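Examining the three-dimensional arrangement
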Amino acid sequence: DLDPDTGSLTASVAVTLTNTVEPEGLPSYVTGLPSRELEPGWNKMQLSVTTPHRLRGITVDGEPAPAELQQEFGYERYLTEVVVPPGGAVTVEFALDGQVTLEGGHYRLSILTQALVHPDDVRIRVNLPTASVTDEVTLAEDYQLSLSLG
């Protein structure tokens, strides 16, 4: 949600991670070796979101999760550990709030990509007091959204 009069916003970034591995019949260099922590096929990772905004909280499948804060290129980078079982999916939500400068009556959103085997599918929704804007893109390159608020 964005208030065009003040530039204040509340935002959420929801990321759904899917693990399509079927550990039976695959070599250990694909599924990982069994350990005290994880069975073969489980995926454990650090998921991060880099933003100029403040973190209100992180949830993993609706449950509160711990966050680690780092600085990166003048932005806040929020990380949390995520474990996805074979054939499963996990949704991580980062709740944010902040302030934006509306240059010339425009709101600008930038989503920067990283090198991935498969591009990310992204759905963007911006709620204004008078309307909502939705866009769906497959990110093969950086994405820019500019909305006129006038």
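As a reminder, the structure under discussion sits directly above these lines.
Within every chain, residues take consecutive numbers counted from 1 along the sequence as written. Given that this is a predicted model, residues contribute local features only at a pLDDT of at least 70 and side-chain atom pairs are listed and counted only at 80 or more, while totals for whole chains, interfaces and linings are drawn from all residues. Just so you know, side-chain values use all the structure's heavy atoms and leave hydrogens and water out.

Turning our attention to the environment of Pro64. Along the chain, Pro64 falls in strand E4 (residues 63-65). When the C-alpha positions of Pro64 and Asp5 are compared, they lie 32 Å apart, and in sequence the two are 59 residues distant. Contact criterion: two residues are considered in contact whenever any of their non-hydrogen atoms come within 4.5 Å of each other. Among residues more than four places away in sequence, those in contact with Pro64 are Ile58 and Thr59. Runs of H or I in DSSP of at least four residues are treated as helices and runs of E of at least two as strands, each being numbered from the N terminus.

The pairing criterion for strands is at least two bridges between them, as found by DSSP. The sheet built from 3 strands is open, its strands ordered E2-E6-E5 with antiparallel pairing. Of all strands in the sheet, those with a lone pairing partner are strand E2 (43-51) and strand E5 (68-72), marking the two edges. Taken pair by pair, the neighbouring strands of this sheet meet at an average axis angle of 35°, ignoring direction. Note: E2 against strand E6 (residues 75-84), 9 bridges, orientation antiparallel. Residue pairing across strands places Asn43 opposite Val84, the latter belonging to E6. What counts as an axis is a line fitted to C-alpha atoms, over the stretch in contact for a helix, and the angles between N-to-C directions run from 0 to 180 degrees.

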